Amino acid sequence: MTSVRVCSVAELTENEASRFVLEGVPIAVVKDSAGQVFAIGDTCTHGDISLAEGFVEDDTLECWAHGSKFSLKTGKPLTLPAYEPVPVYQVEITDGDVHIDPAVTLAV
């Protein structure tokens, strides 16, 4: 599989997560205050909750239901109750568009 255009960078709201489903894979895409774009698995590993409905703070995405914070860079949970990481996807920006390959996760 190859990378898929998800949206334009301009469509992303700073410090908010957006949910996309690519080839059946739910992914949360975040543009931080520095303009960097991240993509992590959208399902909290503690409960079946969409992380895109949570809160972005610095380089973390917090699950709104139970408060687990996940690193946008590594996918690792930084607070309990989650203890399993979510996948992290490589983001490519081409001509102002965000591209992600949902079949390829980054090793962190």
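Every value quoted in this text rests on a predicted model; they were computed, and no experiment measured them.

**Q** Would you mind going over unusual backbone geometry with me for this structure?
**A** A negative phi holds for most residues other than glycine; trans holds for most peptide bonds. Look at the link from Leu 80 to Pro 81: it is a cis peptide, with omega at 15°. Relative to the assigned elements, Pro 81 resides in the loop between strand 7 (69-71) and strand 8 (88-94). For Asp 58, which is not glycine, the phi dihedral falls at a positive 55°. By secondary structure assignment, the location of Asp 58 is in the loop between strand 5 (55-57) and strand 6 (60-62). The class of Asp 58 is exposed, set by a relative accessible area of 63%. Notably, Asp 95 is not glycine yet its phi reads approximately 50°, a positive angle. By the element assignment, Asp 95 lies in the loop between strand 8 and strand 9 (97-105). Since its relative accessible area comes to 79%, Asp 95 is described here as exposed.

**Q** What is the right way to look at the pattern of salt bridges in this model?
**A** Pairing between side chains of opposite charge can happen when their charged atoms approach one another. One pass over the full model with this rule turns up 4 salt bridges. Where Asp 97 meets Arg 5, a salt bridge forms, and the shortest distance between an N and an O atom there is 3.3 Å. Of the two residues, Asp 97 is situated in strand 9 and Arg 5 in strand 1 (residues 4-8); the sequence distance between them amounts to 92 residues. With a shortest N-O distance of 3.5 Å, Glu 57 and Lys 69 are connected by a salt bridge.

**Q** What exactly am I supposed to notice about the side chain of Asp 42 here?
**A** In this fold, Asp 42 is placed in the loop between strand 4 (37-41) and strand 5. Overall, Asp 42 belongs to the buried group, its relative accessible area being 1%. Excluding residues that lie within four positions of it along the chain, Asp 42 makes contacts with Arg 19, Pro 26, Ile 27, Ala 28, Ile 49, Ser 50, Leu 51 and Ala 52.

**Q** Even after reading the chapter, I still don't get the sheet that holds strand 4, so can you show me in this structure?
**A** Strand pairs in the sheet, formed through backbone hydrogen bonds, run parallel or antiparallel to each other. A sheet is described by the order of its strands in space; here 6 strands give the open sequence 1-9-8-4-3-2, paired in antiparallel fashion. Both edges of this open sheet fall to strand 1 and strand 2 (17-22), since each of them pairs with a single strand only. Each strand axis lies, on average, 30° off the axis of its neighbour in the sheet, ignoring direction. Note that strand 1 and strand 9 share 4 bridges and pair antiparallel. Across the sheet, Arg 5 pairs through a bridge with His 99, a residue of strand 9.

**Q** I keep staring at the pairing of strand 9 and nothing clicks. Help me out?
**A** Here is the key point about a regular strand: its side chains alternate between the two faces of the sheet. Here 5 bridges tie strand 8 to strand 9, and the two strands are oriented antiparallel to one another. Bridge pairing in strand 9 places Tyr 89 opposite Thr 105. The hairpin formed by strand 8 and strand 9 contains 2 residues between the paired strands, and Asp 95 there has a positive phi angle of roughly 50°.

**Q** Hey, could you run me through the sheet that holds strand 7 in this one?
**A** With antiparallel pairing, the 3 strands of this open sheet are ordered in space as 5-6-7. Edge strands, defined here as strands with exactly one partner in the open sheet, are strand 5 and strand 7. Adjacent strand axes in the sheet meet at a mean angle of 30°, parallel and antiparallel pairs treated alike.

The rules behind the values
- Within each chain, residues carry numbers counting from 1 in the order of the written sequence.
- It should be noted that, the model being predicted, local features are given only for residues of pLDDT at least 70 and side-chain atom pairs only at 80 or more, the latter also being counted only at that level, while totals for whole chains, interfaces and linings use all residues.
- To get the side-chain values, all heavy atoms of the structure are used, and hydrogens and water are removed first.
- Labels follow the DSSP assignment, with helices taken as runs of H or I lasting at least four residues and strands as runs of E lasting at least two, numbered in each case from the N terminus.
- Here the term buried applies to any residue with accessible area under 20% of the maximum for its type, exposed to any over 50%, and partly exposed to those in between, with areas from a 1.4 Å probe on protein chains only.
- Definition used for salt bridges: Asp or Glu carboxyl oxygen within 4 Å of a side-chain nitrogen of Lys or Arg.
- Note on contacts: a residue pair is in contact if any heavy atoms of the two residues lie within 4.5 Å.
- Two strands make a pair as long as DSSP finds a minimum of two bridges between them.
- Fitted lines through C-alpha atoms give the axes, limited to the stretch in contact for helices. The angle between two N-to-C directions lies from 0 to 180 degrees.

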